[in-house]
Amino acid sequence: MTWWQYIIPQHWLSKLMFRFARIENVWFKNKFTHWFVSAYQVDLSEATRERVEDYKHFNDFFTRSLKSSARLISKSKIICPVDGVVSQVGRIENLNILQAKGRLYSSQALLGSEEKSHLFKDGFFTTIYLSPKDYHRIHMPYDGKLVSMDYIPGDLFSVNQQTAQNVDNLFARNERVVCYFETQFGLCAFVLVGAIFVGSMQTVWHGQINPPYKKQVQHFDYSDQDIKLKKGDELGRFNMGSTVIMLAPNQDNPFTLKTNEVVKMGQNLI
């Protein structure tokens, strides 16, 4: 059942969650976080701070850092950028990307640009969903130089499997941030997709991008800056969970993954 997502005030609820996740009342923060850890079976033994009581607020816990030994960075040329589950993976055919069985959406709609979509014609994509229990920092899958970033306003539907199977153009209609990197594979796009209660995304070079929610596309050009990130470096984070989509140009497929595969940040993809 996804009909209710069309009528709820998505952005208002996400603003509310943004504030809720930053409540610093010790009793409330500890009580809710302990419940969350138990309900979603979060493995806090991997975290640099293993005690719920050591976090300032819920969002501090949700975006927790991990011990260096918890995720090893593969020596391969491209790695998995997040913990999660592979929703879909494959070739971009006729500028279309597979959302779910029987549902396609266009790369032009996702990127908000016909010109940029043609850069990935017959290229490859992978979509990875981050569940609430997952580690929510996002890392660079490859060495890259940042070229530009686009903030594209939109809806905030859930991005879970049920919604992906029932809402047309889900990832292309939700709010998202598209980052372009020059890499050894050519120009690659890295897309952070917002969702209900995921009212805040940030990158290491820009900081918090939203809120506030903009009504117009925001373009940031970094071509004259020397912003380089190494494979495994932190790229950004979701302040609540969501989805990342990676697009690569037409060459050898760099995404050796399978649909529904459980993945960990740092594992090899090539």
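Please refer to the structure placed before this passage.
What you see is a predicted model, and the numbers here were worked out from it, not measured in a lab.

## With respect to the nonpolar core
- One finds Phe-181, Phe-190, Leu-192 and Trp-205 to be the most contacted residues of the largest nonpolar core, which totals 38 residues.
- Those elements that place two or more of their residues in this core are β1 (84–91), β4 (124–129), β6 (144–152), β7 (176–183), β8 (186–193), β13 (234–238) and β14 (243–248).
- In this structure, Ile-152, Ala-172, Ala-189 and Ala-195 belong to the second largest nonpolar core, which totals 23 residues.

## Digging into the sheet that holds β13
- Taking strand neighbours across the sheet as the criterion, the four strands line up as β5-β13-β9-β10 in an open arrangement whose pairing is antiparallel. The open sheet terminates on both sides in strands that have one partner only, identified here as β5 (137–139) and β10 (207–210). Between one strand and the next, the sheet's axes are offset by a mean angle of 25 degrees, whatever the strand orientation.
- By the bridge criterion, three bridges tie strand β9 (residues 201–203) to β13 in an arrangement that is antiparallel. In the strand pairing of β13, Thr-203 is matched with Gly-236.

## Focus on the state of the cysteines
- Tallying each qualifying case throughout the model produces zero disulfides.
- Of all cysteine sulfurs in the structure, the one in Cys-188 sits closest to Cys-80, which takes part in no disulfide; the separation is 15 Å.
- Judged by relative accessible area, which is 0%, Cys-80 ranks as buried.
- Here Cys-179 is not cross-linked by a disulfide; its sulfur's nearest cysteine counterpart is in Cys-188, at 12 Å.

## Description of the environment of Tyr-105
- Mapped onto the elements of the fold, Tyr-105 is located in strand β3 (residues 103–106).
- Owing to a relative accessible area of 1%, Tyr-105 belongs among the buried residues under this scheme.
- In this structure the C-alpha to C-alpha distance between Tyr-105 and Asp-168, which are 63 residues apart in sequence, comes to 7.6 Å.
- Those residues within four positions of Tyr-105 in sequence are excluded, and the remaining contacts are Leu-95, Asn-96, Ile-97, Leu-98, Gln-99, Leu-110, Thr-127, Asn-169, Phe-171, Ala-172 and Ile-245.

## Description of helix α1 (residues 10–20)
- Of all the positions in α1, only Gln-10, Ser-14, Met-17 and Phe-18 are classed as buried. Viewed end-on, α1 has its buried residues packed into an arc of 105 degrees, placing them on one side of the element. Of the exposed residues in α1, the ones pointing more than 90 degrees away from its buried face are Trp-12 and Arg-19.

How each quantity is defined
- Residues numbered from 1 in each chain as written.
- Predicted model: local features only at pLDDT ≥ 70, side-chain atom pairs only at ≥ 80, totals over all residues.
- Heavy atoms only, no water.
- Core = buried A, V, L, I, M, F, W, Y, C linked by side-chain atoms within 4.5 Å.
- Buried < 20%, exposed > 50% of the residue type's maximum accessible area, 1.4 Å probe, protein only.
- Helix = DSSP H or I, 4+ residues; strand = E, 2+ residues; numbered from the N terminus.
- Pairing = 2+ DSSP bridges.
- Axes fitted to C-alpha atoms, helices over the stretch in contact; angles between N-to-C directions.
- Disulfide = S-S within 2.5 Å.
- Contact = heavy atoms within 4.5 Å.
- Arc of directions from axis to C-beta.

Any link to function would need more than the numbers given here.
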